[in-house]
Structure formats: structure tokens, C-alpha cells
Amino acid sequence: MNKAKFMAFLGRLRHNKQMMIGCILLGFLILIAIFGPSFAPYNPKLLQDDTLASPNATYLLGTDNLGRDVFSMILYGVRTSLQIGFIAAMISAAIGIIVGGIAGFFGGIIDKILNEIMNIFMMLPTFFLILLVVALFGSNMTNVMIVIGVTSWVSNARLMRAQAISLKERTFVKSAITMGESKWSILIHHIIPNGIFPIIAQTTMNISGAILTEAGLSFLGLGDPNVFSLGQIINNGKMYMPRCWWISTFSGVVVVLIVLTFFLIGDGLNRVLSPKMDANK
Amino acid sequence: MKKFLAKRLGSGSLAVLFSIIFNFVIIRLAPGDPATLLVGKDNPNPEMIAMIREQYGLDKSMFEQLGAYFNQLFHLDLGYSYANSRDVWDMIVERLGPTLMIALTGTLIAVLIGTFIGVYAARKKGTFIDQAICSISYLFDSTPSFWLGLMLILLFSSILGLFPTSGMYNLRGNYTGFAHIMDVIQHMFLPVLTLVLLNIPYYFRIARSSVLQVMSEDFIMTLRATGMSEKKIFNKYVLRNAIIPTITVFGINLAYMVTGVSMIEITFAWPGMGRLMLDSITKRDYPVISGIYLVLSISVAIGMIIVDIVYATIDPRIRIEE
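Treat the numbers as computed from the prediction; the structure is a model and nothing was measured.

This part covers the overall build of chain A. Summing up its helical and strand segments, chain A has 13 helices and zero strands in all. When its helices and strands are written in sequence order, chain A yields α-α-α-α-α-α-α-α-α-α-α-α-α. Buried residues in chain A amount to 53% of all 281 residues. Taking as baseline every contact in chain A between residues at least 6 positions apart, the subset at least 24 positions apart corresponds to 71%. Total accessible area computed for chain A in this model is approximately 12,500 Å², and 67% of it derives from carbon and sulfur atoms. Charged side chains of chain A number 20 positive and 12 negative; the gap between the two group centres comes to 13 Å.

Spelled out as C-alpha cells, the structure:
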């Protein structure tokens, strides 16, 4: 990408309203994730005497059944959600890029086999599988991240495969082949770097998906019990609904905001990538 | 077309076969043992554990167990639940009805409303209404189903007192006939509403973008040049072409329907597959887990094949590319 093209790209980015809102929200989230614990008015593990206190000046968003400050718990929960979302989406992107790149670039029988594997993964009942693995193998954060990543790579692989197939026909790749560069080297140095952009957009969307899945698991009581997670707070608050509505309501609003952030950015990136889609807007 | 069909069927059966083996292996690799769970923690009697292991064939090698399982499936037998001593097939059928009831109703309503709003927004493209609808759809896309369910309970049951919070019918009501149907509909309302609200954005976006896509194509310009009225162009040419993607997504959604509603079912304590899944997993009830898994993967595979066939029938380009 040369400089003029890059500037045009930045220009499109700036005119994209969703993208702007998404980036501002993301900035806030990152600040919360880094500095959140130092903003927290209380230690979220601290059990206070005021149990189930409604939101007031002392406890901004009220307290839960054990007297823990909901606001502080949420600040810690944001960190967990972002961490799980990022790492799970990265795992899924890495598998997708490798599998899709190999399938598309090498072609032939390798492509056929890998494509069949992708079809099989597409047909697996993903949520049930995640539930099963987490319930059987223990619900710690590592398991949750890995299983979400391993079950969500197919969309990335499909995108990368299509990219590799089209890039393979381009002159610069053909000249690299003629010059005797090895296939792996072409894949790593030319195909993947040039075809990665749609995967970045998809990965941003996948972060949303992973955060929703994690929240769902925690809501079912299958989250990591050693960390604060937004789904867990909702699940815990459910038992005290409707009288103590604040526990579940506020933590849920935060989940919606986090997911919305990545959704807006991912969708914005897609629009910037394909101006035709943007024109249709 | 025959070749295409054969290929799809082959790929589908492969997926189901892979699912069965994968699922079988993963359950048995997990730490924890159903025999010890069945005997109970308080009084672990080694003889009893051994007896249960033998009775359920848990003492054999994994390979032999897999063989026995395939043999059993071949005779259309899903086995007996460890925890409930009931036929797995009966348990699943019993739960499948209520699940389909919510899932089908919700998905159908969502398709109709979502497509309608999408077409409307596409015609009003760029106006305030269009932008407002788009923003709302983003919001619902980001909402976890279980939380939306809780919020609807808070609003409609606790504050307004209009609908029951959970279950499928009033246990103390003993209603019969029409009163029973009304009772079930009343219980269905909130779970279905949750599903509808969450699914509308999908259909909305697809309808909107495909209408816009078709409107920008050359043949529409040609039709305009012939002097045909906008209304006729829209109803006769745009809508017909724009509806194809909606049909595809609807089909894919139907295929994933059973898993799609499980969180909502759990939130509303609806007696469907969702609860059965969760219970069987926490109780390590292997036959039930395998049975559910089998039913789910077969239904997804069949659904996907049907979608492919419908799509290939509507759009011949797909067949030729294959």
C-alpha cells in the first residue's frame, strides 16, 4: 500500500461514523481494563455489611448478596471479558489464517481435504460443544479461551482461502514462483500479509462473539470461578431479581457496550474495505 | 444436479460420522467418572462401582465401547440414561416438542418482521428513520439472549405483571382444552419475544442490503429507462431478486435452531432441549449427551443440505461453480 492509498484509506476511516464511535468506546474500554482496578472504590472481594444495598452515593451501583460493591466488580469484569475476547479471537485468527492460506495457495488435494474439514466444523453444534468441553474439562479461563478459539476459526479460514486463491494469480506472486522462492516462503511473505485485512475485520467481530459466549458460559455457572466476570455477576444477580434488579441490569448493560464496541469497529472496517458496500449504505 | 446432491450428502454424512466419533472420544477423555457419580460421594463402595462399570460397559476399552455404540446406533437405539434410567430417545423427543414450538414461532415472526423493516428501511435509505432502525439493530445484535430475557421478565412480569416468568404452563391451573392452550401461549410469550427481538436484526440487515444491492444493478436502470413505474419495478423485480439471501439465512438459522434457543430456554425454565443439555452435561450422563449430540448434528447436517439444494435450485450459478 503506497502513501496516497494509505491516506485515502485513513480518509475513509475518518468519515465512517460507526468506526469513530466504536474507536472512542474502545479507548474507554482499554482505559478501564488497564486502570479500572485503581478506579474501583472498593476491593471487589471485600464483603461489606451492607448486603443488597440499592445504588446510592456510597455504592454507585449498589451491592450484591454478599455485600460486594457492584461497580468495583464490573470494573474487574471488563478486564476478564476483554482478555478472553482478545485471546480467543487471536487463536481463531491464527488457525484460520494458516488453514485457509494453505488450502487456498497450495490448492489441489490439500485444498479438497482442508475444505472438507472446514465443512465438518461448520456443521458442528458449536455452543453445545463448548458447553461440553468446559463442563467436562474444568471451567478455567484457559479452557474457555482455547475452546472458543478452536470452534470459531472456520469463517477466518474461508476468508483467507478466498484471498489466497485470488492473490495466487497476481503477477508479484507469479514472479516470486518463477524466481524459485519456496512455496512456504511465498505463503508467509506474500500471501498472508497481503490477504490479512478482511481477517482483521472478521477477528474484531469474533471478539464480540467470544465475549458473548463467555458471558453465556458464566451465566450458566460454567465460567472461571476465580475471576470476576460480567456473566457471573448477571447470573448471581438473577437470584435476587426483581427486587434487587441493579446487580444483573448494570452488568448486562456493560456486556452490551463491550460487544457493541467491537461490532461497530468490525463492521466499520468491513465498510472501509469494500467501498461498494459503503456506497450502498 | 445429481452429482451436486451426491456430493452434499456425502459431505453431510461425513460430518455426522465425525461428530459421533469426536463427541464419543471427547466425553471419555474427560476427567471424572459416571460410575463414581452414580454411587455417590458419601459411601464409595468399590464393588458397586465395579458392578456399575460392568453393567454399562465402562470397563471395556474405548475402541470396544465405540464399536458397541455404533452397533447400538445401527439398531436405532440411543441407550438408557444413567441418571434417570429412561430411554434416551424418549427423553429427547419429549423435550424436542417444546423447543421447536418456541424456535419455529420465534424464527418465523422474526423473518416476517425483519424482512418487512429491512425493505422499508432500504426504500427510506439515508433518512432519519433508516438510521434510527440501523442503530437499534446494532444494539440488539450486541445483547446477550439471557440478559434480554431477564430484562423482559423484569419489565413484563415484575413491573407490569402481564406474563408469567417461567415454565410452560401453570402447574396449579389444571386447565384443559382451550384454557390450556391459552395458558401455554401466555407462558410462551416472553421466550418467543426474546428470540424475535434478537433475530430481527439479522433478517433486517440482509433484506435491507440485498434490496439496495438489487436496486443498484443495471437491469433496474434498464427497466427505469423503459418507463415502467417505480412501484411495478420494485414489486415485480427488486423484491423477487432480493428475497433469495433471506431464504438462505432462514434455512441456516432453522438448522441451528435447537442450539440457538437453548440459552433462552434455560433463562425462562422452559422444558426444552436446553435444560436437558445442561443437566446431562453436569451429571455426566453419557448416553444422553451422545444422544443429544447426535440429534443436533444430524439436524444441522440435514438443514444445511436442504439449504444448499434450495439455493442451487434458485440460483443455477452455484451448481455450475461446483
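Another point: the interface of chain B and chain A. The interface is formed by 50 residues belonging to chain B together with 45 residues belonging to chain A. A buried area of about 4,200 Å², summed over both sides, lies between chain B and chain A, and 78% of it is on carbon and sulfur atoms. Along the contact surface separating chain B from chain A lie zero salt bridges. Where chain B packs against chain A, one counts three residue pairs in polar contact (both at pLDDT 80 or more). At the level of secondary structure, the elements contributing two or more residues to the side of chain B that touches chain A comprise α1 (2-29), α6 (128-141), α7 (145-159), α8 (177-215), α12 (262-267), α13 (273-282) and α14 (286-314) of chain B. Counting residues per element, the side of chain B that touches chain A draws most heavily on α1 of chain B, at 11 residues. Residues that form the side of chain B that touches chain A fall into these classes: 31 nonpolar, 14 polar and five charged.

Here the focus is α13 of chain B. All names here are of chain B. Judged by how many residues are buried, α13 sits mostly within the fold: seven of 10 residues are covered. Among the residues of α13, those classed as buried are M273, G274, L276, M277, L278, S280 and I281. Backbone geometry just after α13 places R284 at a positive phi near 55 degrees.

Relative to the helices and strands, S290 of chain B is located in helix α14. Setting aside residues no more than four positions away along its own chain, S290 of chain B makes contact with N23, I27 and Y69 of chain B.

A pair of packed helices is captured by two measures, namely the crossing angle of their axes and the spacing between those axes. Residue and element names in this part refer to chain A. At a minimum axis distance of 7 Å, the contact between helix α3 (residues 70-106) and helix α6 (residues 141-151) shows a crossing angle of 40 degrees. With respect to α6, the axis of α3 lies oblique. Here the hand of the crossing between α3 and α6 comes out right-handed. In contact with T80, Q83, I84, I87, A88, I91, S92 and I95 of α3, α6 contributes M141, V144, M145, I146, I148, G149 and V150. Across the contact of α3 with α6, the residue classes tally to 11 nonpolar, four polar and no charged.

Formed by 118 residues in total, the largest nonpolar core has its most connected members in I191, L220 and I258 of chain A together with I292 of chain B. Of all the elements, α3 of chain A adds the most residues to this core, at 14 residues. In terms of nonpolar packing, the next biggest core, distinct from the first, is built from 27 residues, A121, L152, V192 and L198 of chain B among them.

Turning next to the packing of helix α5 (residues 88-123) of chain B against α13 of chain B. Residues and elements named next belong to chain B. At a minimum axis separation of 8 Å, α5 and α13 run at an interaxial angle of 140 degrees. For the element pair α5 / α13, the angle class is oblique. Seen from α5, the contacting residues are M91, I92, R95, L96 and T99; seen from α13, they are M273, R275 and L276. Class assignment of the residues belonging to the contact of α5 with α13 gives a composition of five nonpolar, one polar and two charged.

Residues and elements named next belong to chain A. The terminal C-alpha atoms of helix α5 (residues 126-137) lie 16 Å apart, and with 12 residues this matches the ideal 16 Å at 1.5 Å per residue to within 8%. Most of α5 sits inside the fold, with 10 of its 12 residues counted as buried. Those residues of α5 that sit buried are F127, F128, L129, I130, L131, L132, V133, V134, A135 and L136. Once α5 finishes, G138 follows within two positions and takes phi at roughly 100 degrees, a positive value.

Parameters at a glance
Throughout this description, residue numbers start from 1 for each chain and increase along the sequence as written. Ligands are numbered from 1 and chains lettered from A, in the order in which they are written. Residue-level local features of this predicted model are given only where pLDDT is at least 70; pairs of side-chain atoms are given and counted only at 80 or more, and the full residue set underlies all totals for whole chains, interfaces and linings. Excluded from the side-chain calculation are hydrogens and water; included are all heavy atoms of the structure. Put simply, DSSP H or I for four residues or longer makes a helix, DSSP E for two residues or longer makes a strand, and each gets a number counted from the N terminus. Accessible area is worked out with a 1.4 Å probe on protein chains only. A residue is then buried under 20% of its type maximum, exposed over 50%, and partly exposed in between. Note on contacts: a residue pair is in contact if any heavy atoms of the two residues lie within 4.5 Å. Working definition of accessibility: Shrake-Rupley area with a 1.4 Å probe, residue cover restricted to the visible protein chains. In this count, Lys and Arg are taken as positive residues and Asp and Glu as negative ones, while His and the chain termini are left out. By convention, charge coordinates are those of NZ in Lys, CZ in Arg, CG in Asp, or CD in Glu. Using a 1.4 Å probe, buried area is obtained as the accessible area two parts lose upon being combined, added over both of them. A pair is scored as a salt bridge if a Lys or Arg side-chain nitrogen falls within 4 Å of a carboxyl oxygen belonging to Asp or Glu. We call two N or O atoms a polar contact when they sit within 3.5 Å, provided that within protein one can donate a hydrogen and the other can accept it, with sequence-adjacent residues counted only if both atoms are side-chain atoms. Charged means Asp, Glu, Lys or Arg here, nonpolar means Ala, Val, Leu, Ile, Met, Phe, Trp, Tyr, Cys or Pro, and polar covers whatever is left, Gly included. Only C-alpha atoms enter the line fits that serve as axes; for helices the fit covers just the stretch in contact. Angles between N-to-C directions range over 0 to 180 degrees. An angle below 35 degrees is read as roughly parallel, one above 145 as roughly antiparallel, one from 65 to 115 as roughly perpendicular, and any other as oblique. When the near helix sits turned anticlockwise from the far one by under a right angle, the crossing is termed left-handed; a clockwise turn instead gives a right-handed crossing. We call a set of buried residues a nonpolar core when its members are Ala, Val, Leu, Ile, Met, Phe, Trp, Tyr or Cys and they connect through side-chain atoms within 4.5 Å of each other. Take the number of residues in a helix, subtract one, and multiply by 1.5 Å to get its expected span.

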